[in-house]
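Notes for the structure review
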Amino acid sequence: MISSVPTRLLLAAALIASIFPFAAKAQATPPIRVAVVGLNHDHVMGFFHTLSSHPEVTLVGISEPDAALRQKYAASTHLPDNLFFPTEEAMLKSTHPQAILVYTSIAGHRAAIEQAAPLHIAAMVEKPLATTVEDALAIQRLSEKYNVPVLTNYETTWYNSNTAAANILSEGKIGDLRKLVVHDGHEGPKEIGVSPAFFSWLTDPKQNGAGALFDFGCYGVDLSTWIMHDELPQTVSAVTLHIKPQIYPNVEDDSTVILTYPRAQAIIQGSWNWPFSRKDMEIYGATGYVDTLYDNKDPGAKLRIRLHGEPTEHVETAPPLAKPQNSSLSYLAAVINGTLKPQHDLTSLDTNVAVVRILDAARRSAQTGRTIHLADEVAKTK
């Protein structure tokens, strides 16, 4: 009698499955509906390239006011013409997405969200969140008013090595944090051959916020804010250089930002003057250090570590990130489906409002030659 119980249960389950074949399928979560806003940000090419490998996401529309850009991407992606719209308003009305992916200039983020948020449509923008604190706070108010997520996508968020390095620090393996050094950049937008549409706004201080300071400094500011658990730095000091004014007449092409905290310091170097592309980080603790290593073929895979008592450093492969923390689209789908709450992480709105505050302070410091006492500034406004 005892041994026959599982058999009866299996037979009953098989009978239910044969009568109700849809029962198992009903448990599967349908893909979220996403729409692209803007095509003048070259990162959109990465989205189109990876879309097919993300069954949890389906593309329902693309808006772009420039007809030539619409034609360019229609030809290169082989997507049907009925996906393309000249305005965001028309696209949202026709396609009813659950989230927009914003690939406009950085200054265009606020306008895109102002149209989507009242329709209870979430947004994921490319880094950084905004060019001004005013826009960042307006976006935050829209998110809170309409209860919709607004996320900021950084390539480095999905690097295994950054999470692994932060875990080594949080687990106490290198002692208390003392210094963080982040390097991000490449040879320059013109030098690497970005598209004319991208180059046009990337080198415009109004549309991009600055030059290399915002374009690449934002990566390090995001990482440092995350590692410091969203604590604002006490002071922000920045120096920028104009090494190639003949190419970049309106914006700086090199930047160094120093953030001070009560017991730690972050040095963030964003540049359009590196001899090679790089996105790497060094974390120094009281008893050891961990560096992330950048490799064009496999970015974010390796760590260089030296712990207390070890005679020399060694290299490790960072463990892979589990879904949904391993890609922007998986993360977005999890947020929309309610299985992940974005808070105090690299992508979340609270972190990225702080990032814009720091970038704004760095821009003012570079312009004036003064150190900005950011924590005191923000405290006085609350």
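The model shown is predicted, which means the values in this text are computed figures rather than measured ones.

Across a sheet, paired strands are connected by hydrogen bonds in the backbone, their directions being either parallel or antiparallel. Read across the sheet, eight strands follow the order β8-β9-β10-β7-β11-β12-β13-β14 without closing on themselves; strand pairing throughout is mixed. The two strands at the open ends of the sheet, each matched to only one other strand, are β8 (235-241) and β14 (314-317). Direction aside, neighbouring strands of the sheet carry axes that sit 15 degrees apart on average. Both β8 and strand β9 (residues 254-261) contribute to a ladder of seven bridges, which runs antiparallel. Pairing of Ser-237 across the sheet is with Ile-258, part of β9.

Here we take up the nonpolar core. By size, the foremost hydrophobic cluster in this structure holds 55 residues, and its most contacted members are Val-236 and Ile-283. Leaving out residues up to four positions away in the same chain, Ile-283 has contacts with Ala-165, Ala-166, Leu-169, Ile-174, Leu-177, Lys-179, Leu-180, Ile-227, Gly-288, Tyr-289, Val-290 and Asp-291.

Turning our eyes to something else, we now look at the packing of aromatic side chains. Under the definition given, this model contains 11 aromatic pairs. Measuring from centroid to centroid gives 5.4 Å for Phe-47 and Phe-48, while their planes differ by 55 degrees, and the two rings are tilted. Judged by relative accessible area, which is 3%, Phe-47 ranks as buried. Measuring from centroid to centroid gives 5.8 Å for Phe-216 and Tyr-219, while their planes differ by 25 degrees, and the two rings are stacked. One exposure class covers both Phe-216 and Tyr-219, and it is buried. Every member of this aromatic cluster is reached through a ring pair, and the members are Phe-47, Phe-48, Tyr-73 and Tyr-103. Directly above the aromatic system of Trp-274 lies the positively charged group of Arg-278, at a separation of 4.6 Å from the ring centroid.

Under the criterion given, the structure shown has one cavity of 30 Å³ or more. Empty space within the largest cavity amounts to approximately 40 Å³. Taken together, His-41, His-43, Ile-106, Lys-127, Pro-128, Phe-198, Trp-201, Leu-202, Asn-208 and Asp-215 make up the full set of residues lining the largest cavity. Of the residues in the lining of the largest cavity, the class split is five nonpolar, three polar and two charged.

When two helices pack together, their arrangement is given by the angle between the helix axes and the distance between those axes. Following both chains from N to C, one finds helix α13 (residues 217-227) and helix α15 (residues 349-368) inclined at 125 degrees, their axes separated by 9 Å at the closest point. With respect to each other, α13 and α15 are oriented oblique. Between α13 and α15 lies a crossing of right-handed hand. Contact residues: α13 offers Gly-217, Cys-218, Val-221, Asp-222 and Thr-225, while α15 offers Thr-351, Asn-352, Ala-354, Val-355, Ile-358 and Leu-359.

It is worth spelling out the layout of surface pockets at this point. In this approach, a probe sized like a water molecule rolls over the atoms, and the result shows the empty space that is left. One number sums up the size of the largest pocket: a volume of about 870 Å³. Along the wall of the largest pocket there are 37 residues; nearest its centre are His-43, Gly-46, Glu-126, Asn-153 and Glu-155. Those elements giving two or more residues to the lining of the largest pocket turn out to be α3 (44-50), β4 (99-102), β5 (122-126), α10 (196-202), β11 (278-285) and α14 (328-336). At five residues, the largest contribution of residues to the lining of the largest pocket is made by α3. For the lining of the largest pocket, a count of residues per class yields 17 nonpolar, 13 polar and seven charged. Estimates place the volume of the second largest pocket at around 410 Å³. Taken together, 15 residues make up the lining of the second largest pocket; nearest its centre are Ser-143, Val-148, Pro-149, Lys-341 and Pro-342. At three residues, the largest contribution of residues to the lining of the second largest pocket is made by helix α7 (residues 133-146). Considering only residue class, the lining of the second largest pocket consists of eight nonpolar, four polar and three charged.

The rules behind the values
Residues numbered from 1 in each chain as written. Predicted model: local features only at pLDDT ≥ 70, side-chain atom pairs only at ≥ 80, totals over all residues. Heavy atoms only, no water. Pairing = 2+ DSSP bridges. Helix = DSSP H or I, 4+ residues; strand = E, 2+ residues; numbered from the N terminus. Axes fitted to C-alpha atoms, helices over the stretch in contact; angles between N-to-C directions. Core = buried A, V, L, I, M, F, W, Y, C linked by side-chain atoms within 4.5 Å. Buried < 20%, exposed > 50% of the residue type's maximum accessible area, 1.4 Å probe, protein only. Contact = heavy atoms within 4.5 Å. Phe/Tyr/Trp six-rings, centres within 6.5 Å; stacked < 30°, edge-to-face > 60°. Lys NZ or Arg CZ within 6 Å of the ring centre and 35° of its normal. 1 Å grid on protein atoms, 1.4 Å probe; cavity = no way out; pocket = protein on both sides within 12 Å on 5 of 7 lines; lining within 4 Å. Points joined across faces, edges and corners; volume = space filled by probe spheres on them. Nonpolar A, V, L, I, M, F, W, Y, C, P; charged D, E, K, R; others polar. Parallel < 35°, antiparallel > 145°, perpendicular 65-115°, else oblique. Left-handed = near helix turned anticlockwise from the far one by under 90°.

Nothing here speaks to function; it is all geometry.
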